[in-house]
Amino acid sequence: MKSLLYKYRKFFIVLIVFSAVTISLFYSALKPQKTLPFFNPADVNPELVDSTIQYKSKYHTIADFKFVNQNGDTITQKNYEGKIYVADFFFTTCGSICPKMTTNLEDVQKAILNNPKVMLLSHTVFPEADSIPVLKEYAIKHHVVDSKWNLVTGDKKEIYTMARKSYLAVKLGRPDQLYDMVHTENFVLVDQKRRVRGFYDGTNKEEIKRLIEDINFLCQE
């Protein structure tokens, strides 16, 4: 009798374990796998995109660029080659959303500090005021690590072109002033192949958390 009970008990234990493993495998198979989209001009609010490329629905990538950073160094696409990076647009005297955006980007910097695959890139939309010394002072104030985060300035037309044709992230400014720009709160996630993979509200802590999670996902993709 004891032998029979032992056999039944053993059978039920095996059955329970088998069932648990089977359910787990089915759950893993049915669970949606995380993916990140590829953003093209046609996928984005037309207000943020230059009219000449609003029709483009695939194969969009970030164009080559050449700017100068807070240390007076020339920064080009070569500095970001093969990197995942977060791009944004700001100006140092902005008193509305910029302080919160920059503080949140500091948090992103902390999260990626020891990850050689990831960098940050902030463009001023007010280059006539944001000189190299001004950017350097701003960088020091916000604990910018030079090897991870470039604050760049340059020709306003070129910044405008990058903002509207590559990053799809800046609105038109006053119609009476050529290349006037109104930056948004968007942080733009770019992958190792220059493709836009996400937009995030740079003033929102939950969005920053999502951004960091997506950066980590791209690192494993």
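Residues numbered from 1 in each chain as written. Predicted model: local features only at pLDDT ≥ 70, side-chain atom pairs only at ≥ 80, totals over all residues. Heavy atoms only, no water.

A. A look at the packing of aromatic side chains. On inspection of all chains with the given rule, the structure shows 8 aromatic pairs. Where Tyr-85 meets Tyr-167, the ring centres are 6.4 Å apart and the plane angle is 80°; that geometry is what we call edge-to-face. Pair noted here: Tyr-85 is in strand β3 (residues 84-90) and Tyr-167 is in the loop between α4 (156-166) and β6 (170-172), with a separation of 82 residues, a long-range link. In this structure, Tyr-85 and Tyr-167 share a single accessibility class: buried. One aromatic cluster in this structure is built from Phe-65, Phe-67, Tyr-80, Tyr-85, Phe-89 and Tyr-167. Positioned above the aromatic ring of Phe-38 is the side chain of Arg-197, whose terminal nitrogen or guanidinium carbon lies 3.8 Å from the ring centre. (Phe/Tyr/Trp six-rings, centres within 6.5 Å; stacked < 30°, edge-to-face > 60°. Helix = DSSP H or I, 4+ residues; strand = E, 2+ residues; numbered from the N terminus. Buried < 20%, exposed > 50% of the residue type's maximum accessible area, 1.4 Å probe, protein only. Lys NZ or Arg CZ within 6 Å of the ring centre and 35° of its normal.)

B. Spotlight on the sheet that holds strand β8 (residues 186-190). Ordered by their spatial adjacency, 5 strands build an open sheet running β5-β4-β3-β8-β9, and the pairing between neighbours is mixed. Strands with a single pairing partner mark the edges of an open sheet, and in this sheet they are β5 (149-152) and β9 (196-201). Strand after strand, the sheet turns through a mean of 20° between neighbouring axes, direction not considered. Looking at chain direction, β3 and strand β4 (residues 118-124) are connected through 7 bridges and run parallel. (Pairing = 2+ DSSP bridges. Axes fitted to C-alpha atoms, helices over the stretch in contact; angles between N-to-C directions.)

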